[in-house]
Amino acid sequence: RLGNKGAVACRLCVFDATFVFVNAHLAAHLEKVTKRNRNYRDILENMWFFDGNFSACGLLDGDLLIWLGDLNYRLDFPKTAFSRAVKLISQRKFSELLSKDQLTIARARNEAFTDGGLREAGRIEFAPTYKRALQMPMKKKSSSEPVIDDDDKMGNGEG
């Protein structure tokens, strides 16, 4: 069901602690938020490890789960509000931007990334990435305006 998307995971036991790392690539495009949420659910439900006793362990069966990757969640502004989104980014009004963040909205609705107490590692204090070359005039990307991506939350915003 994941098509060309998916995930890899690693489970490490260090002394008495178990760490699980997941790197996922979820469905792209602004309108595919429901599919991204389903990708998350499919990965969570279908990825298993086997411990030293050959007992099955899921992604949530550890002390710490770190989930990262190209999650492809976007800021859900209408195309007509693109310049407003860019202005909010330049003004560093991240709380206002987060109100339009598809991942934040999905989490508030318990649709994705809330199982087992999953949460953001900290406050979001950096700008989302978006596809636009610096020093270049704004161009349309195929038939739609450029899309602001919020899929680099774990990175430095240079995605």
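Please refer to the structure higher up on the page.
Residues numbered from 1 in each chain as written. Predicted model: local features only at pLDDT ≥ 70, side-chain atom pairs only at ≥ 80, totals over all residues. Heavy atoms only, no water.

So, about the packing of aromatic side chains. Considering all chains together, one arrives at four aromatic pairs under this definition. Where W67 meets F113, the ring centres are 5.1 Å apart and the plane angle is 80°; that geometry is what we call edge-to-face. Here the residue W67 occupies a position in strand β5 (residues 64-70), and F113 occupies one in the loop between α4 (102-108) and β6 (129-130), the gap between them amounting to 46 residues. Of the two residues, W67 and F113, both sit in the buried class. In this structure an aromatic cluster arises from ring pairing among Y40, W67, Y73 and F113. Sitting over the face of the ring of Y73, R36 holds its NZ or CZ atom 5.4 Å from the ring centroid. Over the ring of F77 we find K100; its NZ or CZ atom is 5.9 Å from the centre of that ring. (Phe/Tyr/Trp six-rings, centres within 6.5 Å; stacked < 30°, edge-to-face > 60°. Helix = DSSP H or I, 4+ residues; strand = E, 2+ residues; numbered from the N terminus. Buried < 20%, exposed > 50% of the residue type's maximum accessible area, 1.4 Å probe, protein only. Lys NZ or Arg CZ within 6 Å of the ring centre and 35° of its normal.)

To continue, consider the sheet that holds strand β2 (residues 17-25). Reading across from one edge, β1-β2-β5 is the order of the three strands in this open sheet, with mixed pairing throughout. The sheet terminates laterally at β1 (6-14) and β5, the two strands that pair on one side only. Between one strand axis and the next, the sheet turns through 15° on average, direction left out of account. As defined by bridge partners, β2 adjoins β5 across seven bridges and the pair is classed as parallel. Among the inter-strand pairings, H25 is bridged to a residue of β5, identified as D70. Sheet strands touched by helix α1 (residues 33-46): β1, β2 and β5. Its angle to β5, the strand with the most contacts, is close to 140°. (Pairing = 2+ DSSP bridges. Axes fitted to C-alpha atoms, helices over the stretch in contact; angles between N-to-C directions. Contact = heavy atoms within 4.5 Å.)

With that out of the way, let us pick up the environment of D63. Within the fold, D63 resides in the loop between β4 (56-58) and β5. Residues D63 and A17 lie 46 residues apart in sequence; the distance between their C-alpha atoms is 6.1 Å. Setting aside residues no more than four positions away along its own chain, D63 makes contact with D16, A17 and T18. Side-chain polar atoms of D63 contact the backbone nitrogen of T18, separated by 2.7 Å. (Polar contact = N/O pair within 3.5 Å; in protein donor to acceptor, adjacent residues only side chain to side chain.)

Any two side chains of opposite charge can pair, on the condition that their charged atoms come close. The full count for this structure, using the stated rule, is five salt bridges. Linking R41 and D115 is a salt bridge whose minimum nitrogen-to-oxygen distance equals 3.1 Å. Remark: D115 occurs in the loop between α4 and β6 and R41 occurs in helix α1; sequence separation between them is 74 residues. When the shortest N-O distance is used, the salt bridge between R84 and E96 registers 2.3 Å. Of this pair, R84 sits in helix α2 (residues 82-90) while E96 is found in helix α3 (residues 94-98), placing the two residues twelve residues apart along the sequence. (Salt bridge = Lys/Arg side-chain N within 4 Å of Asp/Glu carboxyl O.)

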